[in-house]
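Okay, here's what each chain looks like letter by letter:
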Amino acid sequence: MVPEAEVRDVLDELQRLRARVPLLSGALAASTDGLVLAHDTPGVEAEGVAALTAAALGVSIRMTDATGRGGFRELLVRGGSGYIATYAAGSSAVLTLLAEDRINVGRLHLEGRRAGARIGELVDSALERAERPAPASRTAPPRPAGAPNSALPQRPT
């Protein structure tokens, strides 16, 4: 999972995005399997939206594959009173934005794509660091009792 420091950075990015785009009513970053990473979604159940995003993502990926349109980039759904937009955020996360019906869709895409790229960088680098094996200890192995005390390496006998 993503370490707490990066989760805070993702949440900060979501809040900055909502400040830049006033007609956004919510923003959520989730893993591609539907686990909430961070959210700023007043009045909306974040866990449910993340799970539904994962389901929609699965269908969207199958659709782009079946039609030869390349890898998933984004999904836009328009309801009677607003939009739900989902953007790829690196290799293992997605950004879902909830927007009012009056939003400029071009601006929604512009800001959503930028924020998705930044969140993707944060999440991917955190996961990469977490998967990287810890460096081997550089301390010398303990010397057996009675071994000579020398700074030079000793040839095994």
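Just above sits the structure.
Residues numbered from 1 in each chain as written. Predicted model: local features only at pLDDT ≥ 70, side-chain atom pairs only at ≥ 80, totals over all residues. Heavy atoms only, no water.

**Some words on the nonpolar core**
Moving on, step 1. Counting 26 residues, the largest nonpolar core has Leu24, Leu95, Leu97, Leu108 and Ile119 as its most contacted members.
Moving on, step 2. Counting only elements with at least two residues in this core, the list comes to helix 1 (4-20), strand 1 (24-31), strand 2 (36-40), strand 4 (82-89), strand 5 (93-100) and helix 3 (105-131).
Moving on, step 3. Setting aside residues up to four positions removed in sequence, Ile119 forms contacts with Val10, Glu13, Leu14, Ala29, Ala89 and Leu95.
Moving on, step 4. By size, the runner-up hydrophobic cluster in this structure holds eight residues, among which are Val49, Ala50, Phe72 and Val94. (Core = buried A, V, L, I, M, F, W, Y, C linked by side-chain atoms within 4.5 Å. Buried < 20%, exposed > 50% of the residue type's maximum accessible area, 1.4 Å probe, protein only. Helix = DSSP H or I, 4+ residues; strand = E, 2+ residues; numbered from the N terminus. Contact = heavy atoms within 4.5 Å.)

**Focus: helix 3**
Moving on, step 1. For helix 3, spanning 27 residues, the distance from its first C-alpha to its last is 37 Å, which sits close to the expected 39 Å at 1.5 Å a residue.
Moving on, step 2. Within the sequence span of helix 3, burial applies to Leu108, His109, Glu111, Gly112, Ala115, Gly116, Ile119, Gly120, Val123 and Ala126.
Moving on, step 3. On its buried face, helix 3 is in contact with helix 1, strand 1, strand 2, strand 3 (74-79), strand 4 and strand 5.
Moving on, step 4. For helix 3, the N-terminal capping position is held by Asn104, with its side-chain oxygen 2.9 Å away from the main-chain nitrogen of Gly106. (Expected span 1.5 Å × (residues − 1). Polar contact = N/O pair within 3.5 Å; in protein donor to acceptor, adjacent residues only side chain to side chain.)

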